[in-house]
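Structural features, examined
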Amino acid sequence: MESLIGKVAENLLKHRNTVALTGAGISVESGIPPFRGKGGLWEKFDPMEYAHIDAFIKDPQKVWNVLLKGMKELLDQAVPNDGHKGLVRLEHLGILQTVITQNVDGLHQKAGSSDVIEFHGSFARYRCMACSRCRCSEKMDLSCIPPRCDCGGVFKPEIVFFGEMISTEQLLRSRQAAEGCGLMLVVGTSATVQPAAFMPVIAKESGATVVEINPEPTWLTGNISDYFIRGAAGDVMNRILAELERRM
Ligand code: NAD
Ligand code: ZN
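Let us look at the coordination of the zinc ion (ligand 2). Under ideal tetrahedral coordination, the four donors around a metal are separated by 109.5 degrees; under ideal octahedral coordination, the six donors are separated by 90 or 180 degrees. The protein atoms donating to the zinc ion (ligand 2) are Cys-128 (SG), Cys-131 (SG), Cys-149 (SG) and Cys-151 (SG), with metal-donor distances spanning 2.2 to 2.4 Å. Every donor counted, the 4 donor atoms about the zinc ion (ligand 2) form angles of 102 to 117° at the centre, which fits tetrahedral coordination. Counting gaps between the donor residues of the zinc ion (ligand 2) yields the pattern C-x2-C-x17-C-x1-C. Of this pair, Cys-128 sits in strand S4 (residues 121–128) while Cys-149 sits in the loop between strand S5 (134–136) and strand S6 (155–159), placing them 21 residues apart in sequence. Comparing Cys-128 with Cys-149 shows no difference in burial state: the two are buried.

Let's shift gears to the packing of helix H5 (residues 82–92) against helix H9 (residues 233–247). Here H5 crosses H9 at 30°, and the two axes come no closer than 7 Å. It follows that H5 is roughly parallel to H9 by the angle criterion. For the pair H5 and H9, the sense of crossing is left-handed. Across from Asp-82, Gly-83, Gly-86, Leu-87, Arg-89 and Leu-90 in H5, the residues of H9 making contact are Ala-233, Gly-234, Met-237, Asn-238, Leu-241, Leu-244 and Glu-245. Residue composition of the contact of H5 with H9, grouped by class: 6 nonpolar, 4 polar and 3 charged.

Across the 6 residues that make up strand S8 (residues 209–214), a large majority, 6, are buried. Where strand S7 (residues 183–187) and S8 come together, 5 bridges link them in parallel fashion. Of the residues in S8, the one forming a bridge with Val-186 is Glu-212. With helix H8 (residues 199–205) bridging S7 and its parallel neighbour S8, the resulting β-α-β unit is right-handed. Across 4 bridges, the pairing between S8 and strand S9 (residues 227–230) is parallel. Bridging across to S9, Asn-214 finds its partner in Arg-230.

Each strand in a sheet pairs with its neighbour through backbone hydrogen bonds, running either in the same direction (parallel) or in the opposite one (antiparallel). Reading across the sheet, the 6 strands line up as S3-S2-S1-S7-S8-S9 and stay open at both edges, with parallel pairing between neighbours. Every other strand in the sheet has two partners, leaving strand S3 (116–118) and S9 as the edge strands with one partner each. Across this sheet, the average inter-strand angle for adjacent strands is 15°, counted without regard to direction. H9 rests against S7, S8 and S9 of the sheet, and its axis sits at about 130° to S8.

What counts, and where the lines are drawn
Residues numbered from 1 in each chain as written. Chains lettered and ligands numbered in written order. Predicted model: local features only at pLDDT ≥ 70, side-chain atom pairs only at ≥ 80, totals over all residues. Heavy atoms only, no water. Donors = N, O, S within 2.8 Å, 3.2 Å for Na, K, Ca; no water. Tetrahedral: all angles 85-135°; square planar, octahedral: opposite > 155°, others 65-115°. Helix = DSSP H or I, 4+ residues; strand = E, 2+ residues; numbered from the N terminus. Buried < 20%, exposed > 50% of the residue type's maximum accessible area, 1.4 Å probe, protein only. Axes fitted to C-alpha atoms, helices over the stretch in contact; angles between N-to-C directions. Parallel < 35°, antiparallel > 145°, perpendicular 65-115°, else oblique. Left-handed = near helix turned anticlockwise from the far one by under 90°. Contact = heavy atoms within 4.5 Å. Nonpolar A, V, L, I, M, F, W, Y, C, P; charged D, E, K, R; others polar. Pairing = 2+ DSSP bridges. Right-handed = clockwise from strand over helix to strand, strands pointing away.

Here you go:
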C-alpha cells in the first residue's frame, strides 16, 4: 500500500495539471449515502419512480416528499470531509486545477475548491418549472410541499434527473479538462452514469495517467486506471498528502 501511495505521489508531482472526477463516494464520510452499493439510496427507492424527470413532472409532490425534501435537509447540514479538503490542499500545492463532480451537494465549493464543474447540477439552486425563475437554497421554504413560485409553478432543484440533458457548457468544459490533464484522480464513483463515466476514458486516450480511489473495484479498475488505491476517500487523500508533503 505504501509503495502504491509513493508511486501516486510521484506521478502527482510529475503531472502538475491534475483533474479530479468525483462521485457520491467522496461524500459518504460526510454522511450522504451514495446511490449504488451498500447503504445506497437505490436499496430503498426505485430510481425510475423518483429520479426520472417524467416521474417529477407527473407527481412533483410525491418526489418532493419521498426524495427531495429529506435530501435537501441532509445536504443543508453536511460538511466537507478529508476527501474534499484533500483536493483543496492539492489545488493549493499547485497540483490540481479542476474538479469535475457528479455530486449535487456543493461540498467541494464549501471546502474551498475554486474550479468545480457540477456535471449533474446542484441542490443549491431551484428553478420554477413554469416561469424559469431561480431561487437559492437558503430562500427555499419547505413548509408546503411541493414548494411553489409566486406564479404558482413548482420549484425543481437544478439537478439533472434521469431523462434530462447534461448542460452543453458543463459537458464541453469537462471534455476539455479531461483531454488536457496529465493525471486524472477518480474518487468515489462507480463510473456507471454516462457521460460522466466516460471522462476517465477520454483522459486515458489523451495520454493521462488515471488514478482511482475507491473501497471497491469498478469497471475502470484494471481497464482504464493505471493505479487503483483501495480505501475510503478521506483516509487515502490524507496518506497521499502526507507523502507529497514529505517529498516537497
Ligand atoms: P454511485 O452511488 O454510483 O457510486 C458510489 C461509489 O462510491 C461506489 O463505487 C462506492 O464503492 C464508492 N464509495 C463508497 N464509500 C466510499 C468512500 N468512503 N470513499 C470513496 N468511495 C466510496 O455514485 P456515482 O458514481 O457518483 O454516480 C451516481 C449518481 O449519484 C451521480 O450522478 C450523482 O449525481 C448522484 N448522487 C450524488 C450524491 C451527492 O451529491 N453526494 C449522493 C448520491 C447520489
Ligand atoms: Zn414561476
